[in-house]
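# Structural description and commentary
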Number of protein chains: 2
Amino acid sequence: MAPTKTAALDTIKAIVGPRGWVAPGDDAAPFVREERGLYTSTPELIVLPATTEEVARVVAICAEEAIAITPQSGNTGLVGGAVAEDGIVLSTRRMDAILDLNAQNATISVQAGCILADIQAAAQRAGLLFPLSLAAEGSCRIGGNLSTNAGGVQVLRYGNARDLVLGLEAVLADGRIWNGMTALRKDNTGYDLKQLFIGAEGTLGIITGAVLKLFPAPKDRVCAMIAMDSPRQALELYVRARERLGDSVTAFEMIPRLAMTFVCRHIPGARDPFIAPYPTYILIELSAAHVGESLQDALQDLLAPALEKGLVGDAVVAVSEAQTQNLWRLRESISEAQKHEGGSIKHDISVAVSHIPEFLDRAGALVKKAIPDARICAFGHIGDGNIHFNISQPEGADKDEFLSRWGEINRLVHDLVVDMGGSFSAEHGIGKLKVGEMERYVSDVALDMMRTLKRTLDPKNIMNPGKIVRP
Amino acid sequence: MAPTKTAALDTIKAIVGPRGWVAPGDDAAPFVREERGLYTSTPELIVLPATTEEVARVVAICAEEAIAITPQSGNTGLVGGAVAEDGIVLSTRRMDAILDLNAQNATISVQAGCILADIQAAAQRAGLLFPLSLAAEGSCRIGGNLSTNAGGVQVLRYGNARDLVLGLEAVLADGRIWNGMTALRKDNTGYDLKQLFIGAEGTLGIITGAVLKLFPAPKDRVCAMIAMDSPRQALELYVRARERLGDSVTAFEMIPRLAMTFVCRHIPGARDPFIAPYPTYILIELSAAHVGESLQDALQDLLAPALEKGLVGDAVVAVSEAQTQNLWRLRESISEAQKHEGGSIKHDISVAVSHIPEFLDRAGALVKKAIPDARICAFGHIGDGNIHFNISQPEGADKDEFLSRWGEINRLVHDLVVDMGGSFSAEHGIGKLKVGEMERYVSDVALDMMRTLKRTLDPKNIMNPGKIVRP
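Residues numbered from 1 in each chain as written. Chains lettered and ligands numbered in written order. Predicted model: local features only at pLDDT ≥ 70, side-chain atom pairs only at ≥ 80, totals over all residues. Heavy atoms only, no water.

With an unreviewed UniProt entry as reference, chain A is termed 4-phosphoerythronate dehydrogenase (FAD-dependent), source organism Varunaivibrio sulfuroxidans. Its UniProt record gives chain A a comment under Sequence similarities (unreviewed entry), which states: "Belongs to the FAD-binding oxidoreductase/transferase type 4 family." Under the Cofactor (unreviewed entry) heading, UniProt states for chain A: "FAD". (UniProt positions renumbered as here; feature names shortened; annotations may be inferred.)

This is how it looks when you write it as structure tokens:
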């Protein structure tokens, strides 16, 4: 390491104090672990500032010495966005305070390192709802959720992470602090600067705090699993559900037969709620805005004619919180269960909701042509057009040989998605994993605008270099 | 005019053809009219392209010759954002096609010149809702609504214009077309470029098309006018309404006694629905997500205890569409009625919802100290924290003398708003009117970031120069 770099890292250690840094080695495991095992992370130092001011001072030194900064939050991302080649990992996990909750204004102000579940819990204690909800919520942190514009299971009703932000604080690539921590529902004072940092995966600055919207807590919820013949019927049911029940529909998740089989096979206690097997299942959740609203009646209004017409084959409605949790566990255990079936080639795609059945038909045919015995496990958020199109290896196949075809299969699927006007990264972001896809699929004009923003806001290319776009 | 400029304008005329331009003069009135009569607009040519490609070719020529472009949509803005000092006004009003409506995906694709009411009507014909709603909806156009991130009366439930956009097309300051017309509810492929243009008032590029979100149409609506003693009680009622009725509350608008008086005095057919006068009125609207939901019962659940506790004094619930329209007309006629009472000094401010009563107390005291007989008519969107704090001249006072104190009164009110963490431009934008306020109140870091964006994306300063930020 160059002597000036060593000196800079020593200065950084002095700024954050002995509890504020971790050297590479055993203690660094939580910071260099990479969720999917695709990358090795090799930072020279892991820095854990305790305040925004410390973040700013650290960044200023890195800017001076051109030291790369890889911002890190809960380190639960799936695209290698928090992986460092060199320089420092800057973790916000010590900045985990809830700064303020204003129930009348229905807002919560938090530091970037707050764990998502802690924010949900604080809202709940105040009789309110913070609707961002995803599998990693017990360990992911809000700074990362905002930096990746996280999605999850309630986007249908409440939007993505971006839609839940009123105010933001960020440290810029030159170490200045931008304080945009306003709690206003309307504010048209010039360019909306917070949008630059949301979804930018830490490549334009580091999010250090946020003011988030809270919502009235639903007065009641009802959850049901509905069995049917195909995704086409699932789409038809979705359209009817929105028509009849409007924004009462807070989740509408698709589970294919194969996923149900995987979950029941590998997840202790999980069981198929139906006696007969069906090709496609929908997990639907309705929420009541006010007391006295009968969700059971509303659900029957949807299901009775659908059953009569043969649009759906069977349905079970949860009649207790335990049953609701069991149904949700079937959905939320799919990724875990799939790990037990060997290698899987994953896609996080979206298309217009109306195109989902066509996409599944065409993508399935392409994959089956390439790998005839591949097992397609396509599940996810129908209402958002967001399908996790994951392909498990053929039974008994060699895992490494199967995974060696990752790029080839991605190409088939992503070519089709883009051809259908869809996205090759619906909710997980770009990170390191999809930088090549960006260069292949995003238009020259858009890429040029992104590179221009990157060059302008991070001229030394120190903020999470190598992620999203190469300069 | 310089010969090269004359030649450039001739080339522009040739590009758009004889129906595509208007010379300054009588026919130019709709394009140079300025809503509040604060500014004179003096473009050298008004250009009305018919296609995005024509817009792009016109902008390319202007970029070459450094000719200023003032983009214009419905020309209904209130801050002089569409006023030209020289160069061309580029109106998108000939680009008013609805390109596509996808009911299953609940999206509508439109050209920038579509009139807002036409989009609402198209959605309604498909059994869906486009919720952006504001007084100018019969003549404002969506490109302007998006460029100013318009607000309106349903922000409480559906968000600002920004929140309603999925995809966007824009012509950049160098004449390139950026096509981001995707219809995806989740798309995390790099920086969210559309956010740069939404709310930028045409200073970074020209919005030429958009893909907008549609919502399930409410199955029922109920509207009531509620009379009470003060804004403090209105806030308390608002918090209870959100607690008990959640997102069923789709509008919550405050009308002060003075506004009721003005409206009943000046608007033909308008009448106070109550026998006794009250200091403060709330117009509340509830919407039903599904059939069979009893909004009347829900409203009674809110009102009965509030009446019993003395929180509210009286209430009338509309029992017909005609009554609903009459109640809404009282709210929507305030600005018109106020014109009949002489000059008025206006503020479009927002604070945290919880701060509204304190703001009204303190701002009222400041104004009364400066102009003891000023008549304060503060109305608007309580649920958004957005108050139109408008001050009518004292009865019998000289209008010009009163209006000469505009700057002084703005200063008092805006100093207070900013001190309370609020915004001096909640929904109308900056335009020419508030460029000075931007420089006074926005932090150096934020202003510097905005100027950097402007310089980077519009290096020749041809896109709506003099609006939002000076370079």
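### Here's the deal with the domain arrangement of chain A
All names here are of chain A. What the domain assignment reports for chain A is domain 1 (5-91), domain 2 (98-216), domain 3 (218-337) and domain 4 (341-427). Taking only C-alpha atoms into account, the centre of domain 3 sits 23 Å from that of domain 4. Taken together, the contact pairs 19 residues of domain 3 with 19 residues of domain 4. Carbon and sulfur atoms supply 64% of the area buried between domain 3 and domain 4, which totals about 1600 Å² over both sides. At the boundary of domain 3 and domain 4, one finds 2 salt bridges. With a shortest N-O distance of 2.7 Å, Arg 265 and Glu 341 are connected by a salt bridge. (Domains from an automatic or database assignment. Contact = heavy atoms within 4.5 Å. Buried area = accessible area lost by both parts, 1.4 Å probe. Salt bridge = Lys/Arg side-chain N within 4 Å of Asp/Glu carboxyl O.)

### What to know about the interface of chain A and chain B
The interface of chain A with chain B comprises 86 residues on the first partner and 85 residues on the second. Where chain A abuts chain B, roughly 6700 Å² becomes buried across the two surfaces, and 58% of that area is made up of carbon and sulfur atoms. In terms of surface lost to chain B, no three residues of chain A exceed Lys 186, Asn 188 and Tyr 191 of chain A, which account for 15% of the buried area on that side. At the junction of chain A and chain B, the tally comes to 10 salt bridges. Residue Glu 427 of chain A pairs with Lys 186 of chain B through a salt bridge whose shortest N-O separation is 2.8 Å. Linking chain A with chain B are 42 residue pairs in polar contact (both at pLDDT 80 or more). Those elements giving two or more residues to the side of chain A that touches chain B turn out to be helix H6 (155-158), strand E9 (177-180), helix H7 (194-197), strand E11 (215-216), helix H8 (231-245), helix H10 (295-308) and helix H17 (444-457) of chain A. Counting residues per element, the side of chain A that touches chain B draws most heavily on H17 of chain A, which supplies 9 residues. Residue composition of the side of chain A that touches chain B, grouped by class: 37 nonpolar, 30 polar and 19 charged. (Polar contact = N/O pair within 3.5 Å; in protein donor to acceptor, adjacent residues only side chain to side chain. Helix = DSSP H or I, 4+ residues; strand = E, 2+ residues; numbered from the N terminus. Nonpolar A, V, L, I, M, F, W, Y, C, P; charged D, E, K, R; others polar.)

### Focus on the packing of aromatic side chains
For any two aromatic rings, the description comes down to two numbers: the centre-to-centre distance and the angle of the planes. Residue and element names in this part refer to chain A. Under the defined criterion, the tally for this structure stands at 14 aromatic pairs over all chains. Here Tyr 238 and Phe 252 contribute two aromatic rings whose centre-to-centre distance is 5.2 Å and whose plane-to-plane angle is 65 degrees, an arrangement assigned as edge-to-face. Of the two residues, Tyr 238 is situated in helix H8 and Phe 252 in strand E13 (residues 249-256); the sequence distance between them amounts to 14 residues. In this structure Tyr 238 comes out as buried when scored by relative accessible area, which is 6%. Relative to Tyr 441, the ring of Phe 424 has its centre 5.5 Å away and its plane inclined at 40 degrees; by these criteria the two rings are tilted. (Phe/Tyr/Trp six-rings, centres within 6.5 Å; stacked < 30°, edge-to-face > 60°. Buried < 20%, exposed > 50% of the residue type's maximum accessible area, 1.4 Å probe, protein only.)

### Description of the state of the cysteines
Residues and elements named next belong to chain A. Counted by the stated rule, this structure contains 0 disulfides over all chains. The thiol sulfur of Cys 114 is not disulfide-bonded, and the nearest other cysteine sulfur, from Cys 140, lies at 11 Å. A relative accessible area of 1% means that Cys 114 is categorised as buried. Lacking any disulfide linkage, Cys 264 is separated from the closest cysteine sulfur, that of Cys 377, by 12 Å. For Cys 264, a relative accessible area of 27% gives the class partly exposed. (Disulfide = S-S within 2.5 Å.)

### Brief notes about empty space enclosed by the protein
A complete count under the given rule lists 4 cavities of 30 Å³ or more for this structure. Of the volumes computed, that of the largest cavity is approximately 320 Å³. Considering the residues around the largest cavity, the lining is formed by 27 residues, among which Arg 157, Asp 247 and Ala 289 of chain A together with Arg 157 and Asp 247 of chain B are closest to the centre. Within the residue set of the lining of the largest cavity, elements represented by two or more residues are H6 and strand E14 (280-288) of chain A together with helix H6 (155-158), strand E11 (215-216) and strand E14 (280-288) of chain B. Taken together, the residues that form the lining of the largest cavity break down as 13 nonpolar, 8 polar and 6 charged. Looking at the second largest cavity, its volume works out to about 140 Å³. What lines the second largest cavity is a set of 15 residues, among which Gln 195 and Leu 196 of chain A together with Asp 192, Gln 195 and Leu 196 of chain B lie closest to the centre. Taken together, the elements giving at least two residues each to the lining of the second largest cavity come down to H7 of chain A together with helix H7 (194-197) of chain B. (1 Å grid on protein atoms, 1.4 Å probe; cavity = no way out; pocket = protein on both sides within 12 Å on 5 of 7 lines; lining within 4 Å. Points joined across faces, edges and corners; volume = space filled by probe spheres on them.)

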